[in-house]
Amino acid sequence: MTCDQPSTQLYAFLDNELTPPERARVQTHLQTCANCRVELAQLSSLQKRVQSTLHHQVAAVQPSDNAWHNLAPRLQSVSPLPQSTHGGIFVKRTLFVGATVAVLVFALLAVWMTQNANPVSAQEILDRSAQIQQTAQTQGGIQHLQSKIYFNPEAAPSVEQTPGEARTTLWESYHDFANNKARTVIRDSNTNQITEIVGTDGSNLYSTKSEQGEGAVSVVYRTPQATDVALPFPVKRIDGQDAFEQMRQDAQNARVTQEQWEDGRAIYVLRTEDANNNIAMQNGVSTSSAIYFDANTYQVLGQDSYATRNGQTTLYYSNRILLDETLPADAAIAWDLTDIGGIRIVDESNNNK
Amino acid sequence: MNPIQRAQQGDPDAFAVLFEQYKNLVYKTAYLMLGSAADAEDALQEVFVRVHRSLGDYDPRKGAFTTWLYRVTLNYCLNHRRQWRFDLLSFNTLLKTPAAPKSGIDLAEEESIRQAIRALSDKLRAVVVLRYYSELSYSEISDILNIPLGTVKSRLDLAMKSLRHALAEPSDVCNPIKQEVYP
């Protein structure tokens, strides 16, 4: 993201419409760019005012009482067209995708039918998992998460993603919600070099420059931060801001199977087609995701997301949670990053103050 | 069997249930798109006639019923001739709009925002309504309007820039509004 054309990215950021790497890039950029923070605040304010106005505008209006009375006689003279004999958009799209999708759907159905019927619903799994996540966050300790994330930007369904090679990175994050402290260090899984750092010690924000996000970084910028702001970096166990909550609200569209994890333990797998709010096709691309839960503890173990173009399905995002634990509240964490070798911390004044 | 499936098989009672369940969605969306209760009432009738005629096209495996219903509604609205645009909107009205307060929502500001939204082109207003009233995702909007995801983003960006311009600089509002009203 550059400062001379930030608005599209900032709207998408506000609307939770960025991929995790895009979002991380914007977040990192916001730490160091006072102009964009001001711009973001103004855009957010405008969005809220527009939203509020639209809702107020129609809050009191409603169809007339005799709307159905007027409509019903007209329906008697309008015969429904025979089902699927004329080209609606869904029919056209089905034809466009053709037999490939039919075969794929049939294969998925066959696989699904061979799985054991599961007495636990998707809603129950998501609710129980949300409950343990919430408990971990509120019980006062420090949440420690290690993940291995694969991301292929060119295979991702986003239209405006940044081209680039597929990469696997190792993420390690600590979150202390009671004291507004957090840090996330991202390393390349092959070289172990640090590619991105973002965090706060309660008084300062730490971040690497956005343009350094693709390669190794050695400089971390420290910016004074207001002490009363909410922690800006949530614990993310699955792809996408608020993705877990969205999935809970849409649980009826998830399919559950009970399977075995890579280490042999029993897991629940929740599969959703077109995870982006049930839209099957966008520009000829469909998406699907599988989220893995420990069948006993309901902890999230990982996620795989696929994009299908022209009948070819490609994994574009994969996340494996290697460690998910809550440390004691007094655990010694170097929130000022002094334990990380090979980096230099440079103080930056906050131009926005 | 749910009401949609029963309505697809010709059950008139099920269609009445669908109407009752979704009439507000259609009516309020049309109201925001077309700008008057009378036009919204007409839209409600015409949309449900089309729904009755074409319900066989709807395939639940391919998307939510509401997505399909939004598409029928927006197709009607985008093709409907909007007389109000020429009757009620004038540059004089816009120029007389007081400057919006810098913070908070009040009646004067809401009226300014309403007028600015109405002054948007149909295409821009559609993405604003779907995003900020219906609270749909970009991909849902893309599917409903049958436009690429990138076009959704660029239209939202353009719409919000127009609104921002209209609200922040009312005395200089002629050009962008003129461009949107008379494309």
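Residues numbered from 1 in each chain as written. Chains lettered and ligands numbered in written order. Predicted model: local features only at pLDDT ≥ 70, side-chain atom pairs only at ≥ 80, totals over all residues. Heavy atoms only, no water.

## What about the overall build of chain A?
Here is step 1 of the chain: On a plain count of helices and strands, chain A comes out with eight helices and 12 strands.
Here is step 2 of the chain: The buried share among the 353 residues of chain A stands at 47%.
Here is step 3 of the chain: Sequence separation of 24 or more characterises 56% of the internal contacts of chain A that already satisfy a separation of 6 or more. (Helix = DSSP H or I, 4+ residues; strand = E, 2+ residues; numbered from the N terminus. Buried < 20%, exposed > 50% of the residue type's maximum accessible area, 1.4 Å probe, protein only. Contact = heavy atoms within 4.5 Å.)

## Remarks on the sheet that holds strand β7 (residues 255–260) of chain A
Two strands in a sheet stick together by hydrogen bonds in their backbones, pointing the same way (parallel) or opposite ways (antiparallel).
Residue and element names in this part refer to chain A.
Here is step 1 of the chain: Read across the sheet, 12 strands follow the order β7-β8-β9-β10-β11-β1-β2-β3-β4-β5-β6-β12 without closing on themselves; strand pairing throughout is mixed. The sheet terminates laterally at β7 and β12 (344–347), the two strands that pair on one side only. Taken over all neighbouring pairs, the strand axes of this sheet differ in orientation by 20 degrees on average, direction set aside.
Here is step 2 of the chain: Bridge count between strand β5 (residues 204–207) and strand β6 (residues 219–224): four bridges; the pairing is antiparallel. Within β6, the position partnered with Leu205 by the bridge is Thr223.
Here is step 3 of the chain: In the packing of helix α7 (residues 122–138) onto the sheet, the strands contacted are β1 (142–151), β7, β8 (266–273), β9 (285–294), β10 (300–309) and β11 (312–327), and the crossing angle to β8 comes to about 110 degrees. (Pairing = 2+ DSSP bridges. Axes fitted to C-alpha atoms, helices over the stretch in contact; angles between N-to-C directions.)

## Concerning the pairing of β10(A)
Residue and element names in this part refer to chain A.
Here is step 1 of the chain: Buried residues dominate β10, accounting for eight of its 10 residues.
Here is step 2 of the chain: Summarising the sheet, β9 and β10 pair through nine bridges and their orientation is antiparallel. Across the sheet, the residue bridging to Phe293 is Val300, located in β10.
Here is step 3 of the chain: Hairpin remark: β9 followed by β10, antiparallel, with five residues in the connecting loop; positive phi at Tyr298, about 65 degrees.
Here is step 4 of the chain: Across eight bridges, β10 lies against β11 in antiparallel orientation. Looking at the pairing, Asp304 lines up with Ser318 of β11.

## Remarks on the pattern of salt bridges
Opposite charge on two side chains makes pairing possible when the charged atoms of those side chains draw close.
Here is step 1 of the chain: Applying the stated criterion to the full structure yields 21 salt bridges over all chains.
Here is step 2 of the chain: In this structure, Glu124(A) and Arg128(A) form a salt bridge, with 3.9 Å as the shortest nitrogen-oxygen distance. Here Glu124(A) pairs with Arg128(A), and both are found in helix α7, just four residues apart, close to one helical turn.
Here is step 3 of the chain: Judged by relative accessible area, which is 34%, Glu124(A) ranks as partly exposed.
Here is step 4 of the chain: For Arg128(A), a relative accessible area of 35% corresponds to the partly exposed category.
Here is step 5 of the chain: Note that Asp122(B) is salt-bridged to Arg125(B), the shortest N-O span being 2.8 Å. Linking Asp122(B) with Arg125(B), this pair stays in helix α8 (residues 122–132), spanning three residues, or about one helical turn. For the pair Asp122(B) and Arg125(B), one class covers both residues: buried.
Here is step 6 of the chain: Here the salt bridges share partners, and the residues they tie into one network are Asp15(A), Glu17(A) and Arg131(B). (Salt bridge = Lys/Arg side-chain N within 4 Å of Asp/Glu carboxyl O.)

## What about the confidence of the model for chain B?
Residue and element names in this part refer to chain B.
Here is step 1 of the chain: A residue-level look at chain B finds 78% of positions with pLDDT of 70 or above and a mean pLDDT of 78.
Here is step 2 of the chain: Per-residue pLDDT, averaged within each element of chain B, yields its smallest value for helix α6 (residues 91–96) (30) and its largest for α8 (94).
Here is step 3 of the chain: On the interface metric, ipTM, the complex scores 0.81, and its pTM is 0.47. (pLDDT = per-residue confidence, 0-100.)

## Side note on the packing of helix α1 (residues 7–14) of chain A against helix α3 (residues 34–59) of chain A
All names here are of chain A.
Here is step 1 of the chain: Direction vectors running N to C along α1 and α3 enclose 60 degrees, while the axes themselves pass 10 Å from each other. By the criterion of interaxial angle, the relationship of α1 to α3 is oblique. For the element pair α1 and α3, the recorded crossing hand is right-handed. The segment α1 lies against α3, with Ser7, Leu10, Tyr11, Phe13 and Leu14 engaging Cys36, Glu39, Leu40, Leu43, Ser44 and Gln47.
Here is step 2 of the chain: Classifying every residue of the contact of α1 with α3 by side-chain character gives seven nonpolar, three polar and one charged. (Parallel < 35°, antiparallel > 145°, perpendicular 65-115°, else oblique. Left-handed = near helix turned anticlockwise from the far one by under 90°. Nonpolar A, V, L, I, M, F, W, Y, C, P; charged D, E, K, R; others polar.)

## Some words on the pairing of strand β3 (residues 181–188) of chain A
All names here are of chain A.
Here is step 1 of the chain: Burial analysis of β3 places six of its eight residues in the buried class, the great majority of the element.
Here is step 2 of the chain: For strand β2 (residues 167–176) and β3, the ladder comprises eight bridges, and the chain directions are antiparallel. Bridge assignment links Ser173 to a residue of β3, and that residue is Thr184.
Here is step 3 of the chain: Between the antiparallel neighbours β2 and β3 lie four residues, among them Asn180 with a positive phi of about 55 degrees.
Here is step 4 of the chain: In this sheet, strand β4 (residues 194–200) lies alongside β3 in antiparallel orientation, the contact comprising six bridges. Bridging across to β4, Thr184 finds its partner in Val198.
Here is step 5 of the chain: The antiparallel hairpin formed by β3 and β4 contains five residues in its connecting segment, where Asn192 sits at a positive phi of about 65 degrees.

## Quick word on α7(A)
Residues and elements named next belong to chain A.
Here is step 1 of the chain: Taking 1.5 Å of rise per residue, 17 residues should cover 24 Å, and α7 covers 24 Å from first to last C-alpha, within 8% of that figure.
Here is step 2 of the chain: When α7 is considered as a whole, its buried residues turn out to be Ala122, Ile125, Leu126, Ser129, Ala130, Gln133 and Ala136. Projected onto a plane normal to the axis of α7, the buried residues spread over an arc of 125 degrees and lie on a single side. In α7, the exposed residues that point more than 90 degrees away from the buried face are Gln131 and Thr138.
Here is step 3 of the chain: Downstream of α7 by a residue or two, Gly140 has a phi angle that is positive, lying close to 100 degrees. (Expected span 1.5 Å × (residues − 1). Arc of directions from axis to C-beta.)

## Considerations on unusual backbone geometry
All names here are of chain A.
Here is step 1 of the chain: Here Asn16, not a glycine, exhibits a phi torsion of approximately 55 degrees, which is positive.
Here is step 2 of the chain: Among the secondary structure elements, Asn16 is positioned in the loop between α1 and α2 (20–32).
Here is step 3 of the chain: Of note in the backbone geometry, Leu337 takes a positive phi value of approximately 70 degrees without being a glycine.
Here is step 4 of the chain: Inspection of the secondary structure puts Leu337 in the loop between β11 and β12.
Here is step 5 of the chain: Taking relative accessible area as the criterion, Leu337 reaches 2% and is therefore assigned buried.

## Comments concerning the packing of aromatic side chains
Ring pairs (aromatic) are described by centroid distance and by the angle formed between their planes.
All names here are of chain A.
Here is step 1 of the chain: Enumeration over the complete set of coordinates arrives at 11 aromatic pairs over all chains.
Here is step 2 of the chain: Relative to Tyr292, the ring of Trp261 has its centre 5.0 Å away and its plane inclined at 45 degrees; by these criteria the two rings are tilted. Highlighted residues: Trp261 in the loop between β7 and β8 and Tyr292 in strand β9, separated in sequence by 31 residues. Across the pair, exposure class does not vary: Trp261 and Tyr292 are buried alike. (Phe/Tyr/Trp six-rings, centres within 6.5 Å; stacked < 30°, edge-to-face > 60°.)

## A closer look at the nonpolar core
Here is step 1 of the chain: Val50(A), Phe48(B), Val51(B), Phe65(B) and Leu145(B) are the most contacted members of the largest nonpolar core, which totals 77 residues.
Here is step 2 of the chain: In terms of residues, this core owes the most to one element, helix α2 (residues 12–34) of chain B, which gives 13 residues.
Here is step 3 of the chain: Each residue touching Val51(B), except ones within four places of it in the same chain, is listed here: Phe15(B), Trp68(B), Leu69(B) and Val72(B). (Core = buried A, V, L, I, M, F, W, Y, C linked by side-chain atoms within 4.5 Å.)

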